[in-house]
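Structure at a glance
Chain by chain, the residues run as shown.
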Amino acid sequence: LRLGLVDLFYYDDEQFWFHDGRLLLRGNNGTGKSKVLALTLPFLLDGSTAPRRVEPDADPKKRMEWNLLLGGAHPASERTGYSWIEFGRVDADGTEHFLTLGIGLKAAAGRGIVKTWHFTTSLRVGELRLMDETRTVLTDARLREALGHRGQVHPTQEAYRRAIDEALFRLGEERYAALVDLLIQLHQPQLSKRPDEKALSHALTEALAPLDQAVVADVA
């Protein structure tokens, strides 16, 4: 339904709304379209801050702390930010369900990323405020308090990914990992100009669930 950035890159508190599950970002070169995607999807499904998994071109020089401290251009020596995405569905009886996924990041000058935390919650951003009244971004401890019994800050990246899979996909650890790896591969820039049919076929084979045997029997 929505994705957002809080105190990341040049954004203070920005939301991007999907329409029928789709999002189109338009703008001139250099306005930050690629950066929004790099900091949201598939990053929020993966949970890793490694440049090879976050940046579309996998450039190891583009370290995550730059998105907070802007290479020293940000006035603060420490900065905390969030990336989040909201999913929703409606049952046949009209009951609405929501799931918000998010990653918190803290960087310090000279030390890089000093802390990362991941959360899932049934709260919607708005009910859940990632900034307080003074526009100070919540720490992981304050986030736990804000979530209460409606969400969880996960102790590891693996636990976070497992919670996402259980809530949204139910693929199992191996196939969920393969799906995220496929999304990262498809995230590469200019992919259509350098198609690698064998690599793409292998990635799809690894990521896509096998056909149900009943379907195969019907076709046969």
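Heads up: the structure comes first, above all this text.
Residues numbered from 1 in each chain as written. Predicted model: local features only at pLDDT ≥ 70, side-chain atom pairs only at ≥ 80, totals over all residues. Heavy atoms only, no water.

Quick word on the overall build of the chain
The condition that has to hold: Labels follow the DSSP assignment, with helices taken as runs of H or I lasting at least four residues and strands as runs of E lasting at least two, numbered in each case from the N terminus. Values of the radius of gyration come from C-alpha atoms, whereas the globule rule sets the reference at 2.2 Å times the count of residues to the power 0.38. For each residue, the accessible area found with a 1.4 Å probe, counting protein chains only, is set against the maximum for its type, and the residue is called buried under 20%, exposed over 50%, and partly exposed in between. It only takes one pair of heavy atoms within 4.5 Å for two residues to be counted as in contact. Using a 1.4 Å probe, accessible areas were evaluated by the Shrake-Rupley method; residue-level cover was limited to the displayed protein chains. Note on charges: Lys and Arg go in the positive column, Asp and Glu in the negative column, and His and the chain ends are not counted at all. By convention, the charge on Lys lies at NZ, on Arg at CZ, on Asp at CG and on Glu at CD.
Assigned secondary structure in the chain consists of nine helices and six strands. By the compact-globule yardstick of 17 Å for 220 residues, the chain fits well, its C-alpha radius of gyration being 19 Å. When burial is assessed residue by residue, the chain has 39% of its 220 residues classed as buried. For the chain, the share of sequence-separated contacts (at least 6 apart) that also reach a separation of at least 24 residues comes to 55%. When the accessible area of the chain is evaluated, it comes to approximately 13,200 Å², of which 51% is carbon and sulfur surface. For the chain, the distance from the average site of its 28 positive side-chain charges to the average site of its 31 negative ones is 5 Å.

Describing the pairing of strand 3 (residues 78–90)
One face of the sheet, then the other: side chains in a regular strand alternate in exactly this way. Keep this limit in mind: Paired strands, as defined in this entry, are two strands with at least two bridges between them according to DSSP.
Inspection of the sheet shows strand 1 (residues 2–8) paired to strand 3 by five bridges, in the antiparallel sense. Within strand 3, the residue paired with valine 6 across the bridge is tyrosine 82. Where strand 3 meets strand 4 (residues 96–108), 13 bridges bridge the pair, whose relative direction is antiparallel. Its bridge partner being in strand 4, isoleucine 85 is matched across the sheet by leucine 101. Here strand 3 folds back onto strand 4, and the loop between the two strands holds five residues, one of which, glycine 94, carries a positive phi near 90 degrees.

Digging into the pattern of salt bridges
Condition: By definition, a salt bridge exists where a carboxyl oxygen of Asp or Glu is found within 4 Å of a side-chain nitrogen of Lys or Arg.
For the coordinates displayed, the defined rule picks out 14 salt bridges. The residue arginine 161 makes a salt bridge to aspartate 46 at a minimum N-O spacing of 2.6 Å. Taken together, the positions of arginine 161 in helix 6 (residues 157–169) and aspartate 46 in helix 2 (residues 43–46) put the pair 115 residues apart, joining distant regions of the chain. By sharing partners, the salt bridges in this structure join Asp46, Arg53, Arg161 and Asp181 into a single network.

Side note on the sheet that holds strand 3
We count it as follows: Fitting a line to C-alpha atoms yields each axis, with helices limited to the stretch in contact; the angle taken between N-to-C directions then spans 0 to 180 degrees.
The six strands are arranged 2-1-3-4-5-6 in an open sheet whose pairing can be described as antiparallel. At either margin of the open sheet sits one strand with a lone partner, and together these are strand 2 (11–17) and strand 6 (151–154). With direction set aside, neighbouring strand axes in the sheet form an average angle of 15 degrees. Two elements, strand 5 (residues 112–121) and strand 6, share four bridges in a ladder whose sense is antiparallel. Across the sheet, phenylalanine 119 pairs through a bridge with valine 153, a residue of strand 6.

What about the nonpolar core?
Definition in use: Each nonpolar core is a collection of buried residues, namely Ala, Val, Leu, Ile, Met, Phe, Trp, Tyr and Cys, held together in the definition by side-chain atoms within 4.5 Å.
Core analysis: the largest hydrophobic core is formed by 28 residues, its most contacted members being Leu101 and Leu105. When contributions to this core are tallied by element, the ones reaching two or more residues are strand 1, strand 2, helix 1 (33–38), helix 2, helix 4 (66–69), strand 4, helix 6 and helix 7 (173–186). Per-element accounting of this core gives the leading share, five residues, to strand 4. Excluding residues that lie within four positions of it along the chain, leucine 101 makes contacts with Leu44, Leu45, Ser83, Trp84, Ile85, Phe87, Phe119, Thr120, Tyr160, Ile164 and Leu168.

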